[in-house]
Amino acid sequence: MKVLFSGSSYEYELIKEQWLASVEQIAKRGVFVGGPPVASFENAYAAYIGSKHGIGVGNGTDALILTLKALGVGPGDEVITVANTFIATVEAIHHTGAVPVLVDCDPDTFLIDLEQVKARVTERTKAVIAVHLYGQMVDLESFAAWAEERNIHVIEDSAQAAGAVLRGKKAGSLGTAGCFSFYPDKNLGALGDGGGVTTSNDDLAVRIKQLRNHGGEIKYQHEVPGFNSRLDPIQAAALELKLAYLDEWSAIRRNIAAMYEHYLGDCTSIRLPSSRGDESHVFHLYVVRIDGDGRERVRKQLQKQGVLTAIQYPEPIHLTKAFSHLNCAQGDFPNAEQAAGEILSLPMNITVKEEEVAGIAGIITGCLGTIGV
Ligand SMILES: Cc1ncc(COP(=O)(O)O)c(C=O)c1O
């Protein structure tokens, strides 16, 4: 058995002909930066998310950096986020000169604990980055109002949650801004790096558009010191073609998650993701928990049989060397630390078949040896 961890090559086959035709058109037009494919994708994505503006940028990390900078976040400010995220969330805060303030996650959903966020707010808090981790949305409804009363911006790190919907609202439409990564393996992935910001705030949209393009929307008119972080037109063309499939692909991912539940539901030695019973989860990753030395045994056995897995992520941010200067210690965020020791991402992409899920479940239960009654 060989089970792919990523479905991006398969996805490419679905858009290949149309995308190659777009690349030809771009080459004929001779506009290799910006141009109609970028504007067209930006409009389509903003409409899909339910935001007024969509702004293409170079990658998801830049989406966060440019959003923070456009909001005026800088030295002397604090930005609160969760200890168990991909490092880019915290790198973005760091590169603005602001101080990242970490909080723990909920032990069941792995999502940021918003009560802890409230407790860590100071007069220096400018923003909170809520990470919709693994494809499941943080329930921001009442928190967003709480934060707005205090002039604190809520930024949704939606890198892993393109297409997720909670009570009719898409990830990226709830806060001041939504930041997306279109890295190839994401639920909406480009054929290289890409990123985007969604917002309904007109001023913020203008500032981000300036910052991504050397500080000005018009060539050689530099309003502020900016960056070079634009979404490439050949990536925008691929993204718009894939956007048409996104809801169908989210349904396939949910169906694969249901298959894992069916085949692994009786295994008492493994904890399956808590989907909270809501419709929001788009299962960017399917992350189970196995404690003790079970995780390593399962991982090795799966690998031996051609099934690749991953640990996302092996260290919470406060225990990485990169952020040792935050002076946090082991034990500060017990839920995030415990999760890092137990989590295992099983194959989750649109190519995964029922017999593969059954096979993976068989290997896992065989290895752990404890199937419940
Ligand atoms: C939660 C989260 N935030 C930010 C990023 C950064 O995106 P990119 O790799 O496109 O810079 C990622 C990408 O993996 C991510 O998973």
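Note that the structure is a prediction, hence the values are computed from the model and not measured.

Visitor: Residue-level account of the packing of aromatic side chains, with values.
Guide: By the definition in use, this model includes 13 aromatic pairs. With 5.5 Å between their ring centres and 40° between their planes, Phe86 and Tyr313 make a pair best called tilted. Of the two residues, Phe86 is situated in the loop between β2 (78-82) and α4 (88-96) and Tyr313 in the loop between α10 (294-304) and α11 (334-342); the sequence distance between them amounts to 227 residues. With a relative accessible area of 42%, Phe86 lands in the partly exposed category. Ring geometry for Phe143 versus Trp146: centroids 5.6 Å apart, planes at 20°, classification stacked.

Visitor: Can you tell me about the site of the ligand, naming the residues and giving the values?
Guide: Taken together, 14 residues form the shell around the ligand, and within it Gly60, Thr61, Asp157, Ser181 and Lys186 come nearest. In this structure, an oxygen atom belonging to the ligand sits 2.5 Å away from a side-chain N or O atom of Thr61. Protein coverage of the free-state accessible area of the ligand, which is 390 Å², stands at 92%.

Visitor: So what's going on with the side chain of Lys170? Which residues, and what values?
Guide: Mapped onto the secondary structure, Lys170 falls in strand β7 (residues 169-170). Buried charge without a salt bridge: Lys170, with Asp247 as the nearest opposite-charge side chain at an N-O distance of 5.2 Å. A distance of 2.9 Å separates the side chain of Lys170 from the backbone oxygen of Tyr48, its partner in a polar contact. Setting aside its immediate chain neighbours within four residues, Lys170 contacts Tyr48, Ile49, Met137, Glu156, Gly163, Ala164 and Val165.

Visitor: Give me the domain arrangement of the protein chain: which residues, what numbers.
Guide: Per the domain assignment, the segments making up the protein chain are domain 1 (10-243) and domain 2 (246-368). Relative to domain 2, the C-alpha centre of domain 1 lies at a distance of 25 Å. The partner domain 2 presents 36 residues to the 43 residues of domain 1 that form the contact. Summing both partners gives a buried area of about 3,500 Å² for domain 1 against domain 2, and 62% of it is carried by carbon and sulfur.

Conventions we followed
- Residues numbered from 1 in each chain as written.
- Predicted model: local features only at pLDDT ≥ 70, side-chain atom pairs only at ≥ 80, totals over all residues.
- Heavy atoms only, no water.
- Phe/Tyr/Trp six-rings, centres within 6.5 Å; stacked < 30°, edge-to-face > 60°.
- Helix = DSSP H or I, 4+ residues; strand = E, 2+ residues; numbered from the N terminus.
- Buried < 20%, exposed > 50% of the residue type's maximum accessible area, 1.4 Å probe, protein only.
- Near = heavy atom within 4 Å.
- Polar contact = N/O pair within 3.5 Å; in protein donor to acceptor, adjacent residues only side chain to side chain.
- Areas by Shrake-Rupley, 256 points an atom, 1.4 Å probe, with all protein chains shown as cover.
- Lys, Arg positive; Asp, Glu negative; His and termini not counted.
- Salt bridge = Lys/Arg side-chain N within 4 Å of Asp/Glu carboxyl O.
- Contact = heavy atoms within 4.5 Å.
- Domains from an automatic or database assignment.
- Buried area = accessible area lost by both parts, 1.4 Å probe.

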